[in-house]
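# Inside the fold
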Amino acid sequence: MAGFASTPRLAIQTSDIVDSPRRHSALVRFTHWIFTLSFFGLAVSGFAIILAHPHFYWGETGGIGTPSLFDLPLPTMLGGPSGWGRSLHFQSAWIAVLAGALYFVSGVLTQHFRSQLLPRSTDLSWRSLRASIIDHLRFRRPAEEDSYNILQRLSYLTVVFLVFPLIIVTGFAMSPAITSVIPEFVTIFGGHQTARTLHFFLGDFLLVFLLIHIAMVILAGFSSRMRAMITGRAGSRKEPA
Amino acid sequence: MSDPVSRRKLITGGLAIGAGAAGLTVAARLASRYGLIPPDSGGIWGLGETLTYATQRVLMSRHSLAREFNHSEISKVVPVSGEPPQTEPFERLLAGGFRDWRLKVDGMVARPSTFSLDELKRFPSSSQITHQACEEGWSFIAEWTGVQLSTVLNFVGVSPQAQFVVVYPFDESWDSLDLADAFHPQTFLAYGLNGQELPTRHGAPLRLRVARQLGYKSVKYLSRITVTDSLKNIGKGLGSAAPEAGYSWFAGI
């Protein structure tokens, strides 16, 4: 912690919060909350879009009268067409993608990805991986570390560098205008309806990720983690009198 | 008392906000001049609509072609939504096998014209096998036969000042295309589907087919085409009936 002792530039002008390390940069916090808002919009509108046609197919085409891959137990066209759902989905997607791009560029430039997300070589042994998994399974509260543990690093890396790009590309795959320029966006998945089904599963994956993320935040100490993501610092230790 | 760091931050922040605002103003001016603002850019969804439309028009080729398929890939089931217009003129024309039906083309054109179905069929016809997705989520592949809209537009002679092509059907679902899509080689006036006459529920006698946009842009039951330089005074000024019902004007998504 001593290494993170506040420099004048980072000083917080309150007397009772001292010396706690800065957990999150301003940019990470800003993009985190912008993304939170847009993710909420994407989830709500994604569900509204599904309500219009809760049937999923594999391949290029599919519709009423053709065999489906699976159907959600919901009536077709419940709530009518999803015009507003699509508008909210796109508006939220734009905000999410712009915030994501800002996060990505700064993550590369500030070496945030390399130092905070790329697993440390010492962590990549089976022994330390197993130890971390056992710690998590036992709900053992992590020590107040100043950086992410190995499971956090691996899951954030998966979401940022695999799931986000895939959910964006499967979204593009459903655009007749975008695929006219880059047909590979849809052909690599094997068709429009396959891309739609994968987009649905990727969205579900992110919802599960969100639930686990929130559960972990609560287990690790909700108020200190929230404070860290809002003010940048977890600490609230009283300054010794 | 004064903290030099926060003052510097204040000044930098102020300058950044000012530069951002100026940049946005310039961007909006440029976007407007180059036709990158969709007619439904107002309202709460305007940000998303404008970003989607402007980005696609700036970054993408105006002549990129939607994917085409083989005969073997044509869907066995061709889903259809909506009912034919319940209006007296349409039902009378339908009963007469559309012999008295005419397509009127007017507005900012050199030679306002009307065309019978036979006259439209005398233009060079072409076919395309393309994928059409409904905004609800379902989709199918079908072969459409007709005349390229550009052929008809070139025949009537579009004014250099024109910006949009408005299509009116026999029902309320009027719509419009920018010139990039109106003159696109895959934008058709279709009178045939899968080798047969266009079935009534699919938009007989003539429908639009816009391969690079969602299905609802492919307006059915056409009766009139108007070329214009502005959509402001048509309907509610949103470019089509779709935004009035909560859909985007630009359905390239």
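What you see is a predicted model, and the numbers here were worked out from it, not measured in a lab. (Residues numbered from 1 in each chain as written. Chains lettered and ligands numbered in written order. Predicted model: local features only at pLDDT ≥ 70, side-chain atom pairs only at ≥ 80, totals over all residues.)

## Observations concerning the overall build of chain A
Filter applied, for reference: Strands here are runs of E lasting at least two residues and helices are runs of H or I lasting at least four, both read from the DSSP assignment and numbered beginning at the N terminus. Three exposure classes are used, based on other C-beta atoms lying within 10 Å of a residue's own C-beta, which is placed from the backbone: buried for 20 or more, exposed for 12 or fewer, and partly exposed in between.
Across its full length, chain A carries 8 helices and 2 strands. Helices (α) and strands (β) of chain A occur, in sequence order from the N terminus, as α-β-β-α-α-α-α-α-α-α. Going through the 241 residues of chain A one by one, you find that 29% of them count as buried.

## Some remarks on the overall build of chain B
Applicable threshold: Working definition of a contact: two residues with C-beta atoms, positioned from the backbone, lying within 7 Å.
On a plain count of helices and strands, chain B comes out with 7 helices and 10 strands. Overall size of chain B, expressed as C-alpha extent along the three principal axes, is 90 × 40 × 30 Å. Buried positions account for 42% of the 253 residues belonging to chain B. Here the analysis covers contacts within chain B between residues at least 6 apart in sequence; of these, 67% occur between residues at least 24 apart.

## Side note on the sheet that holds strand β5 (residues 164-169) of chain B
All names here are of chain B. Convention followed: Strand pairing requires that DSSP identify at least two bridges connecting the strands. Axis definition: a line fit to C-alpha positions, over the contact stretch in the case of helices; interaxial angles, taken between N-to-C directions, run 0 to 180 degrees.
Spatially, the 5 strands line up as an open sheet ordered β2-β1-β10-β5-β6, and their pairing is mixed. Either end of the sheet is taken by a strand with one partner, and the two such strands are β2 (113-115) and β6 (175-178). Within this sheet the neighbouring strands show an average axis-to-axis angle of 20°, counted without direction. Where β5 lies against strand β10 (residues 222-228), 6 bridges are found, and the strand directions are antiparallel. Within β10, the position partnered with F164 by the bridge is T228.

## Examining the packing of helix α2 (residues 83-109) of chain A against helix α2 (residues 46-59) of chain B
Note the following rule: Here is the rule for angles: anything less than 35 degrees is roughly parallel, anything more than 145 is roughly antiparallel, 65 through 115 is roughly perpendicular, and the remaining ranges are oblique.
With their axes 8 Å apart at the nearest point, α2(A) and α2(B) run at an angle of 70° to one another. One finds that α2(A) runs roughly perpendicular with respect to α2(B). The segment α2(A) lies against α2(B), with A:S87, A:F90, A:Q91 and A:W94 engaging B:L47, B:G48, B:L51 and B:T52.

## Some points on helix α1 (residues 26-52) of chain A
For clarity, the cut-off: Each residue after the first adds 1.5 Å to the expected span of a helix.
With 27 residues, α1(A) should cover 39 Å at 1.5 Å per step; its first-to-last C-alpha distance of 40 Å lies within 8% of that length. Residues of α1(A) that are buried make contact with α2 and α8 (192-231) of chain A.

## Some thoughts on the interface of chain B and chain A
As a reminder of what qualifies: Any residue that is not Ala, Val, Leu, Ile, Met, Phe, Trp, Tyr, Cys, Pro, Asp, Glu, Lys or Arg is counted as polar, Gly included; the first ten are nonpolar and the last four charged.
At the junction of the two partners, chain B supplies 36 residues and chain A supplies 29 residues. When contributions to the side of chain B that touches chain A are tallied by element, the ones reaching two or more residues are α2, β3 (126-133) and β4 (139-148) of chain B. Per-element tally for the side of chain B that touches chain A: the top contributor is α2(B), with 5 residues. For the side of chain B that touches chain A, the per-class residue count stands at 18 nonpolar, 13 polar and 5 charged.

## Describing the nonpolar core
All names here are of chain B. Stated precisely, the cut-off is as follows: Structurally, a nonpolar core is described as a collection of buried Ala, Val, Leu, Ile, Met, Phe, Trp, Tyr and Cys residues joined by way of C-beta atoms within 7 Å.
Ranked by internal contacts, the top residues of the largest apolar core, which has 39 residues, are V165, V167, L189 and L222. For this core, the elements supplying multiple residues, two or more each, are α3 (88-95), β1 (103-107), β4, α5 (149-156), β5, β7 (187-193), β9 (207-210) and β10. Not counting residues up to four positions away in its chain, the partners in contact with V165 are L153, S176, L177, A182, I225 and V227.

## Quick look at the environment of B:A110
All names here are of chain B. You can see A110 is positioned in the loop between β1 and β2. Classification of A110 as exposed rests on a count of 10 C-beta atoms within 10 Å. Linking A110 and A66, residues 44 residues apart in sequence, is a C-alpha distance of 31 Å.

## Description of α2(B)
Between the first and last C-alpha of α2(B) there are 19 Å, a value that for 14 residues agrees with the 20 Å anticipated at 1.5 Å per step. All of the buried residues along α2(B) are B:G48, B:E49, B:T50, B:T52, B:Y53, B:A54, B:Q56 and B:R57.

## Focus on the pairing of β5(B)
The side chains of a regular strand alternate between both faces of the sheet. All names here are of chain B. Across the 6 residues of β5, 6 count as buried, placing the element largely inside the fold. Alternating positions in β5 separate into two faces, F164, V166 and Y168 on one and V165, V167 and P169 on the other, with burial throughout. As judged from the 4 bridges shared by β5 and β6, these two strands associate in the antiparallel manner. Counted as the bridge partner of F164 is D178 from β6. What sits between β5 and β6 in their antiparallel hairpin is a turn of 5 residues.

## Some points on the pairing of β3(B)
Residues and elements named next belong to chain B. Sheet topology note: the β3/β4 ladder contains 8 bridges and is antiparallel. Bridge assignment links A133 to a residue of β4, and that residue is S139. What sits between the antiparallel neighbours β3 and β4 is a turn of 5 residues, in which G137 has the positive phi angle 130°.

## Observations regarding the environment of B:S32
Residue and element names in this part refer to chain B. Relative to the assigned elements, S32 resides in helix α1 (residues 4-33). We classify S32 as exposed; it has 11 C-beta atoms within 10 Å. Considered as a pair, S32 and A54 are 22 residues apart in the sequence and their alpha carbons are 9.7 Å apart.

## Some remarks on unusual backbone geometry
All names here are of chain B. Residues A204 and P205 are joined by a peptide bond in cis, for which omega reads 0°. For P205, the position within the fold is in the loop between β8 (196-197) and β9. At N194, a position not held by glycine, the phi torsion is positive, near 50°. Along the chain, N194 turns up in the loop between β7 and β8. With 18 C-beta atoms counted inside 10 Å, the residue N194 sits in the partly exposed group. A positive phi is found at I253, a non-glycine position, where the angle reads about 40°. Relative to the elements of secondary structure, I253 occurs in the segment after α7 (241-244).

## Details of the confidence of the model for chain A
Residues and elements named next belong to chain A. Counted only if it meets this: The score called pLDDT rates the predictor's confidence residue by residue, from a low of 0 to a high of 100.
The share of residues in chain A with pLDDT of 70 or more is 85%, and the mean pLDDT across the chain is 86. Here helix α4 (residues 126-137) stands out as the least confident element of chain A, with mean pLDDT 86; helix α7 (residues 184-187) is the most confident, with 97. Contacts for the low-pLDDT stretch residues 237-241, under 50 throughout, to residues beyond four places or in other chains number 6 contacts.

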